[in-house]
Amino acid sequence: MIAQGARLFRQYGCSGCHGENATVHAPKLQGLYGKPVPLQGGGMAIADDRYIHDSILMPLKDIAAGYAPIMPSFEGKISEEEILEIIAYIKLLGESDRKEYR
């Protein structure tokens, strides 16, 4: 599931903005899972399964502070199964022993 998530992360262009070598000003995802995310306008969210899921389908719902709302919605373009696979991959980003999936 994780390897499939890594493939989808690249296939859907996520790595172009959120990858280690991205030049677009987008939140880095390495080590993000389970951590608090400051939101525009105040407030905080935890980068858990629900937050990441919603960010993929409804990126304007909770915009990370300091970032422009430029992420496109993938609603209708990606299956629920694919979202879960991408989330499984994101959970492991930043863990040094999981680099084989990048």
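Everything numeric in this text was worked out from a predicted model, so none of it was measured.

**Q** Describe helix H4 (residues 80-92), with residues and values.
**A** Helix length check: H4, at 13 residues, gives a terminal C-alpha distance of 19 Å against a target of 18 Å (1.5 Å per residue), a fit within 8%. Of the positions making up H4, those classed as buried are Glu82, Ile83, Glu85, Ile86, Ile87, Ala88, Tyr89, Ile90 and Leu92. Next to the buried residues of H4 lie helix H1 (2-11) and helix H3 (49-57).

**Q** How would you sum up the environment of Leu29? Please name residues and give values.
**A** Locating Leu29 in the fold gives a position in the loop between helix H2 (14-18) and strand S1 (36-38). Once the C-alpha coordinates of Leu29 and Tyr51 are considered, the two residues, 22 residues apart in sequence, prove to be 12 Å apart. Leu29 has contacts with Phe9, His18, Ile90 and Leu93, leaving out every residue within four places of it along the chain.

**Q** Give me the lowdown on the packing of H1 against H4, citing residues and values where you can.
**A** Where H1 contacts H4, the axes come no closer than 7 Å and their chain directions differ by 100°. Looking at the two axes, H1 sits roughly perpendicular to H4. Contacts between H1 and H4 involve Ile2, Gln4, Gly5, Ala6, Leu8 and Phe9 from the first element and Glu82, Glu85, Ile86, Ala88, Tyr89, Ile90 and Leu92 from the second. Considered class by class, the residues forming the contact of H1 with H4 number 9 nonpolar, 2 polar and 2 charged.

**Q** I'd like a description of the side chain of His53, backed by residues and values.
**A** Relative to the assigned elements, His53 resides in helix H3. Residue His53 is classed as buried on the basis of its relative accessible area, which comes to 9%. For His53, the side chain forms a polar contact with the side chain of Glu80, separated by 2.9 Å. Ignoring anything within four residues of it in the chain, the contact list for His53 reads Glu80, Ile83 and Ile87.

**Q** Quick one: what's the story with H3, residue by residue and with numbers?
**A** Here H3 lies mainly inside the structure; 7 of its 9 residues are buried. Of the residues making up H3, those classed as buried are Tyr51, Ile52, His53, Asp54, Ser55, Ile56 and Leu57.

**Q** So what's going on with the layout of surface pockets? Which residues, and what values?
**A** In this structure, the largest pocket spans a volume of roughly 650 Å³. Looking at the lining of the largest pocket, the elements that each hand over two or more residues are H2, S1, H3 and H4. Ranked by residue count, the leading element in the lining of the largest pocket is H3, at 4 residues. By volume, the second largest pocket is sized at about 170 Å³. Residue assignment for the lining of the second largest pocket shows that the elements contributing at least two residues are H1 and H2. Of the residues forming the lining of the second largest pocket, the biggest block, 3 residues, is contributed by H1.

**Q** I'd like to hear about the environment of Ile70, residue by residue, with values.
**A** Looking at the secondary structure, you find Ile70 in the loop between H3 and H4. For the pair Ile70 and Ala26, spaced 44 residues apart in sequence, the C-alpha to C-alpha distance is 8.6 Å.

Criteria and cut-off values
Residues numbered from 1 in each chain as written. Predicted model: local features only at pLDDT ≥ 70, side-chain atom pairs only at ≥ 80, totals over all residues. Heavy atoms only, no water. Helix = DSSP H or I, 4+ residues; strand = E, 2+ residues; numbered from the N terminus. Expected span 1.5 Å × (residues − 1). Buried < 20%, exposed > 50% of the residue type's maximum accessible area, 1.4 Å probe, protein only. Contact = heavy atoms within 4.5 Å. Axes fitted to C-alpha atoms, helices over the stretch in contact; angles between N-to-C directions. Parallel < 35°, antiparallel > 145°, perpendicular 65-115°, else oblique. Nonpolar A, V, L, I, M, F, W, Y, C, P; charged D, E, K, R; others polar. Polar contact = N/O pair within 3.5 Å; in protein donor to acceptor, adjacent residues only side chain to side chain. 1 Å grid on protein atoms, 1.4 Å probe; cavity = no way out; pocket = protein on both sides within 12 Å on 5 of 7 lines; lining within 4 Å. Points joined across faces, edges and corners; volume = space filled by probe spheres on them.

Worth remembering: the numbers are spatial, not functional.
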